[in-house]
Amino acid sequence: MDITQLKEAYASIAKDQNKRGELAEMIVEYAQPGHIATDWIGMLLNSRTLNPGDLLVKKIRKGIKVYSHVPGAIPLKSEITISDRINYVLDTAQVSVTAGVMELESGELGTVADISSEMQAKLRDFYMQKVFTALTTVWTAANTPNNFISVGGALTKTALDNAINRINETTAGVKAIVGTRNALQSITGFAQWESFGGTNATIQSVSEEIARTGWIGAYQGTPILVVPQEYDAPDTYNKMIPEDKVLVIGKNVGDFITYGPVHTQEYTDMKPVPAQWNLTYWTQFGFIIDNADGLYVIGGLS
């Protein structure tokens, strides 16, 4: 088959609406960008979905009390009150793309299904990164001096023990130690040892676990949550998760919500020639940390 026959065969397939997707998959091989695969927000905060019309207010019920009682007397009664504690402030995130219909039909950009899937993944990456960034930047030496330390090196046993003790004092207990594998790696070194009267002794079970798997699942009874590092794209290879911080988070310190579904807008603008295809996804989300003392940030890691 010569080049002219090849072009004619390609054109005949491209004109067939049912075969364009197959053609695009056949002629284009994409190195897919990385995405944050682990839903670690749900592991850290109480997560739920609200629908339009639901109240964006976190309420507290008060007034229920227990009294001493003398048999035969009329019991004292409590008056129940409800107070608004804090409002969710919603953030809106959207991702939009546009492409010429001619380019889309040629298969050069990939299939519409692939583009749509990529956009939805990036939308999810956005709010997960935004929450993680907020949790690791709002807590600073100036804003939360009792819940922040900068170690200026690798994670140390002293820094982590102090963080755990602090969270155990301010919450019902530590829920998780969170960070990337690189940020948490030094735990495998000091977790194997404990000191008795100035003498270090090996913790046999921990040493065996590290020797067998290269990792440990918990430290002092607290689960270690490793956030897998992801990279934005093979050509730029920028890290999507900060590696200079570790979070120690307590139980019931806040909530994350999505408000309504992910909305879709898709249309083809027929004014330009060739026509222009457009696709947009947008959603609303918000989160509240109503116990700021329940989160401890260990920063300055390198």
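You'll find the structure just up there.
Bear in mind that the values here come from a model prediction, so they are computed numbers and not experimental data. (Residues numbered from 1 in each chain as written. Predicted model: local features only at pLDDT ≥ 70, side-chain atom pairs only at ≥ 80, totals over all residues. Heavy atoms only, no water.)

1. Observations concerning the sheet that holds strand 1 (residues 46-50)
Sheets are built from strands that pair by backbone hydrogen bonding, the pairs being arranged parallel or antiparallel. So the rule is basically this: Whether two strands pair comes down to DSSP finding at least two bridges between them. A run of H or I in DSSP counts as a helix once it spans at least four residues, and a run of E counts as a strand once it spans at least two, with each numbered from the N terminus. Axis definition: a line fitted to C-alpha atoms, over the contacting stretch in the case of helices. Angles run 0 to 180 degrees between N-to-C directions. We call two residues in contact whenever any of their non-hydrogen atoms come within 4.5 Å of each other.
Strands sit in the order 1-12-13-4 across an open sheet of 4 strands; the sheet is mixed. Two strands in the sheet have a free side with no partner beyond their single neighbour: strand 1 and strand 4 (91-100). Going across the sheet, the axis of each strand differs from the next one's by a mean of 20°, ignoring polarity. Taken together, the 13 bridges between strand 12 (residues 254-269) and strand 13 (residues 276-289) define a ladder with antiparallel strand orientation. When the bridges of strand 13 are listed, Asp269 appears paired with Gln276. Set on the sheet, helix 5 (residues 112-137) makes contact with strand 4, strand 12 and strand 13; between it and strand 13 the angle comes to about 25°.

2. What about the pattern of salt bridges?
Heads up, the condition is: A pair is scored as a salt bridge if a Lys or Arg side-chain nitrogen falls within 4 Å of a carboxyl oxygen belonging to Asp or Glu. Buried means the residue's accessible area, taken with a 1.4 Å probe over protein chains only, is under 20% of the maximum for its type, while exposed means over 50%, and partly exposed covers the values in between.
Evaluated as defined, the whole model comprises 6 salt bridges. Among the ionic pairs, Asp161 bridges to Lys157, the shortest N-O distance being 3.2 Å. Of this pair, Asp161 and Lys157 both sit in helix 6 (residues 157-170), 4 residues apart, which is roughly one turn of that helix. A relative accessible area of 15% places Asp161 in the buried class. Of the charged contacts in the structure, one is a salt bridge between Asp293 and Arg166, with a shortest N-O distance of 3.4 Å. Separated by 127 residues along the polypeptide, Asp293 in the loop between strand 13 and strand 14 (295-301) and Arg166 in helix 6 bring together distant segments of the chain.

3. Looking at the sheet that holds strand 6 (residues 174-179)
If you walk across this open sheet you meet the 6 strands as 5-14-11-6-10-9, and the pairing is mixed. Every other strand in the sheet has two partners, leaving strand 5 (148-153) and strand 9 (218-219) as the edge strands with one partner each. Alignment of strand 9 against strand 10 (residues 222-226), held across 2 bridges, turns out to be antiparallel. Pairing of Tyr219 across the sheet is with Thr222, part of strand 10. Together, strand 5, strand 6, strand 9, strand 11 (246-250) and strand 14 form the strand contacts of helix 6, whose direction differs from that of strand 14 by roughly 165°.

4. Thoughts on a nonpolar patch on the surface
Formally: Think of a patch as exposed residues, more than 30% relative accessible area, with no salt bridge, where like charges cluster within 9 Å and nonpolar side chains (Val, Leu, Ile, Met, Phe, Trp, Tyr) cluster within 5 Å. Using the Shrake-Rupley algorithm and a 1.4 Å probe, accessible areas are obtained, with residue cover drawn only from the displayed protein chains.
On the surface, a nonpolar cluster with roughly 320 Å² of combined accessible area is contributed by Ile64, Ile80 and Ile82. With respect to the element layout, Ile64 can be found in the loop between strand 2 (57-62) and strand 3 (81-87). A relative accessible area of 61% places Ile64 in the exposed class.

5. A look at the packing of aromatic side chains
Defined as follows: What counts as a ring pair is set by centres within 6.5 Å for rings of Phe, Tyr and Trp (its six-membered ring), and what kind of pair is set by the plane angle: stacked under 30 degrees, edge-to-face over 60, tilted for all other angles.
Counting across every chain of the model gives 3 aromatic pairs. A centroid spacing of 5.6 Å and a plane angle of 80° characterise the contact between Phe190 and Tyr219, whose relative ring orientation is edge-to-face. One end of the pair, Phe190, is in helix 8 (residues 187-190); the other, Tyr219, is in strand 9, and 29 residues separate them in sequence. Residue classification places Tyr219 among the buried positions, given a relative accessible area of 4%. Grouped by ring-pair contacts, the aromatic residues Phe126, Phe256 and Phe285 constitute a single cluster.

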